[in-house]
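# Structural features, examined
Okay, here's what each chain looks like letter by letter:
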Amino acid sequence: MTTIKTLAEILADMGESISADSTLSSQTLPTSPKTTGQTKRTTSKDISAKPNLRTFSKSKKPNQPIKQDKTNKTNDNHILPNDIWTAVDQHTLSALKNVAIEPIYQNDQKINRLRWLAFYYLSNRELSQQQLRQKLLNKDCDPQMVTDLLDEFATKGYQSDERTAFMLIRESIRRGRGKRYISQALKNTGIQLPYSLDELIQMADIANLSDGTILENQLKSNDNMNDEQKNEVNWLALAIEARCKKYGNTLPKDQKEKSRQLRFLQYRGFEMSVCFDALKYTLDDIDELNFI
């Protein structure tokens, strides 16, 4: 005659046989088909057996990778940022600390646009550094990139404040402007050179670039002048020519006419003494006067 063990006796027998070194196949508990649907009763042996089962269920499974805390990991190797998994040793890291960090412009489109604009403006006419900077900033260019570009252009000779000053002087003389006008024009362009205005005018090579003004005829009629004399500007002759082109080759007759022509010469930038002398002569008198 076979005896049927109760659920408590089965669990008690299993609790004695199960240990911490058991395999994973022993996790499943056998159930008796006759106990299905019956109410389970717990005994003191059941309570002592359950902690062993819970402890086994929380144990790590074999062949499972162990997670390491990267925050507390200490190693001499360093990982570069931006997911670039390249190890850098301590010696290389200390050497990199002494290297100066320079800005790298990664947007080549902005650089190409900036250089194109700079060459475009300089191809039309000579510009001072201040003028070129303002034009580029008006096109929403980066200020630091503009500064670096201007330094490069000045070093390579693409842009020169000295050439701009000479261009302004020659252009002003062709248009019949005086010395005060030239001085103000240099200030407006932001040109600051270690020369006086008279030195800049002599360095501007007026002898070869005075065509279109009365100075051209004066230079042709005086072949005996040296190079220094040829580069000296006859401001009185320029003032007489500017007044006669505006009001005719006649002298002013009344005080009102004199005042109007005097204001015109002042507006042209001639000095006051030159303005008063220009009211006394016409173009016919220039050849008879010794201006040198």
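Residues numbered from 1 in each chain as written. Predicted model: local features only at pLDDT ≥ 70, side-chain atom pairs only at ≥ 80, totals over all residues. Heavy atoms only, no water.

Bringing the overall build of the chain into the picture now. A count of helical and extended segments in the chain gives 14 helices and 2 strands. Counting only residues that meet the buried cut, the chain has 27% of its 292 residues in that class. Looking at the chain alone, contacts between residues at least 24 apart form 61% of all its contacts between residues at least 6 apart. Total accessible area computed for the chain in this model is approximately 21,400 Å², and 49% of it derives from carbon and sulfur atoms. (Helix = DSSP H or I, 4+ residues; strand = E, 2+ residues; numbered from the N terminus. Buried < 20%, exposed > 50% of the residue type's maximum accessible area, 1.4 Å probe, protein only. Contact = heavy atoms within 4.5 Å. Areas by Shrake-Rupley, 256 points an atom, 1.4 Å probe, with all protein chains shown as cover.)

Moving on, we get to the packing of helix α7 (residues 161-174) against helix α8 (residues 179-188). As a packed pair, α7 and α8 sit with axes 10 Å apart at the nearest point and diverge in direction by 145 degrees. As α7 runs across α8, the sense of the crossing is right-handed. Facing α7, whose interface residues are Ala165, Leu168, Ile169, Ser172 and Ile173, α8 presents Tyr181, Ile182, Ala185 and Leu186. Here the residues of the contact of α7 with α8 are counted per class, giving 8 nonpolar, 1 polar and no charged. (Axes fitted to C-alpha atoms, helices over the stretch in contact; angles between N-to-C directions. Left-handed = near helix turned anticlockwise from the far one by under 90°. Nonpolar A, V, L, I, M, F, W, Y, C, P; charged D, E, K, R; others polar.)

Turning our attention to the nonpolar core. Ile169, Ile173, Trp235, Leu265 and Phe270 are the most contacted members of the largest nonpolar core, which totals 30 residues. At the level of secondary structure, the elements contributing two or more residues to this core comprise α7, α8, α9 (197-203), α12 (235-247), α13 (255-267) and α14 (272-278). Broken down by element, the residue count for this core peaks at 7 residues, all from α12. Counting residues in hydrophobic clusters, the runner-up holds 14 residues, among them Leu136, Met145, Leu149 and Leu150. (Core = buried A, V, L, I, M, F, W, Y, C linked by side-chain atoms within 4.5 Å.)

To continue, consider the packing of aromatic side chains. If you walk through the whole model with that rule in mind, you get 6 aromatic pairs. Measuring from centroid to centroid gives 4.9 Å for phenylalanine 119 and phenylalanine 153, while their planes differ by 40 degrees, and the two rings are tilted. Placement of phenylalanine 119 in helix α4 (residues 108-124) and of phenylalanine 153 in helix α6 (residues 143-156) is noted, with a sequence separation of 34 residues between them. Under the relative-accessibility criterion, phenylalanine 119 is labelled partly exposed at 37%. Every member of this aromatic cluster is reached through a ring pair, and the members are Trp116, Tyr120 and Tyr121. Over the ring of tyrosine 121 we find lysine 135; its NZ or CZ atom is 5.3 Å from the centre of that ring. In this arrangement the basic side chain of arginine 177 is found over the ring face of tyrosine 181, its NZ or CZ atom lying 5.4 Å from the centre. (Phe/Tyr/Trp six-rings, centres within 6.5 Å; stacked < 30°, edge-to-face > 60°. Lys NZ or Arg CZ within 6 Å of the ring centre and 35° of its normal.)

Given 3.6 residues to a turn, an α-helix orients residues that are three or four positions apart in the same direction. Counted at 1.5 Å a residue, the expected span for α4 with its 17 residues is 24 Å, and the 25 Å between its end C-alpha atoms agrees. Turning to α4, its buried residues are Leu114, Leu117, Ala118, Tyr121 and Leu122. Angular distribution of buried residues about the axis of α4 spans 125 degrees; they occupy a single face of the element. Those residues of α4 that are exposed and aimed more than 90 degrees away from the buried face are Gln109, Asn112, Trp116, Ser123 and Asn124. (Expected span 1.5 Å × (residues − 1). Arc of directions from axis to C-beta.)

Moving on: the pattern of salt bridges. Per the counting criterion, the structure on display carries 8 salt bridges. Here glutamate 241 and lysine 245 are joined by a salt bridge, their closest N and O atoms 3.6 Å apart. Of this pair, glutamate 241 and lysine 245 both sit in helix α12, 4 residues apart, which is roughly one turn of the helix. Among the ionic pairs, aspartate 277 bridges to lysine 280, the shortest N-O distance being 3.9 Å. Residue classification places lysine 280 among the exposed positions, given a relative accessible area of 53%. (Salt bridge = Lys/Arg side-chain N within 4 Å of Asp/Glu carboxyl O.)

Turning our eyes to something else, we now look at the environment of glutamine 192. Structurally, the position occupied by glutamine 192 is in the loop between α8 and α9. Owing to a relative accessible area of 73%, glutamine 192 belongs among the exposed residues under this scheme. On a C-alpha basis, the gap between glutamine 192 and alanine 165 in space is 9.4 Å, while along the polypeptide they are 27 residues apart.

Let us now look at the confidence of the model for the chain. In this model, the chain carries an average pLDDT of 75, and 60% of its residues clear a pLDDT of 70 or more. Segment residues 47-60 is flagged for pLDDT under 50; beyond a separation of four residues in sequence, or across chains, it makes 8 contacts in the model. (pLDDT = per-residue confidence, 0-100.)

Here we take up unusual backbone geometry. Positive phi, normally seen in glycine, also occurs at aspartate 140, with a value near 60 degrees. For aspartate 140, the location among the structural elements is in the loop between α5 (129-138) and α6. A relative accessible area of 72% means that aspartate 140 is categorised as exposed.

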